[in-house]
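Given next are the chains, with one letter for each unit.
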Amino acid sequence: MQHTIQINTSKLDAKFLTSIKSLFGKKDVKIIVEDVEASSADSKRAAVKRFLDHRKNHPSEVISDQRDFNDVIHDINL
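Residues numbered from 1 in each chain as written. Predicted model: local features only at pLDDT ≥ 70, side-chain atom pairs only at ≥ 80, totals over all residues. Heavy atoms only, no water.

The next thing to look at is the overall build of the protein. Scanning the protein for helices and strands turns up 3 helices and 0 strands. Counting helices and strands in the order they occur from the N terminus, the protein gives α-α-α. Relative to the globule expectation of 12 Å for 78 residues, the C-alpha radius of gyration of the protein, 25 Å, shows a markedly less compact shape. Taking the principal axes of its C-alpha atoms as reference, the protein extends roughly 70 × 25 × 15 Å. With 78 residues in all, the protein has 4% of them scored as buried. Total accessible area on the protein stands at roughly 7,900 Å², and carbon and sulfur atoms take up 54% of it. A distance of 14 Å separates the average location of the 13 positive side-chain charges in the protein from that of its 12 negative side-chain charges. (Helix = DSSP H or I, 4+ residues; strand = E, 2+ residues; numbered from the N terminus. Rg over C-alpha atoms; globule rule 2.2 N^0.38 Å. Buried < 20%, exposed > 50% of the residue type's maximum accessible area, 1.4 Å probe, protein only. Areas by Shrake-Rupley, 256 points an atom, 1.4 Å probe, with all protein chains shown as cover. Lys, Arg positive; Asp, Glu negative; His and termini not counted. Charge placed at Lys NZ, Arg CZ, Asp CG, Glu CD.)

Function cannot be read off these values alone, since they describe shape.
Listed below in structure tokens is the structure:
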């Protein structure tokens, strides 16, 4: 069983530990603590990097009025 709990450190108290114990009973558990704001910033930074890499590898194409739209679709679906 896995639960994700997001809580401000000012709210951590004995009741929090009691709730963890009631959720998992007498089992070994792994508790991982991470800074939510830093994690969010890292994921945004990674998303921007993926977008820029994709844009570099797949540049925009200007389609002239003369080109058949079906040919464009065929080129995309290679």
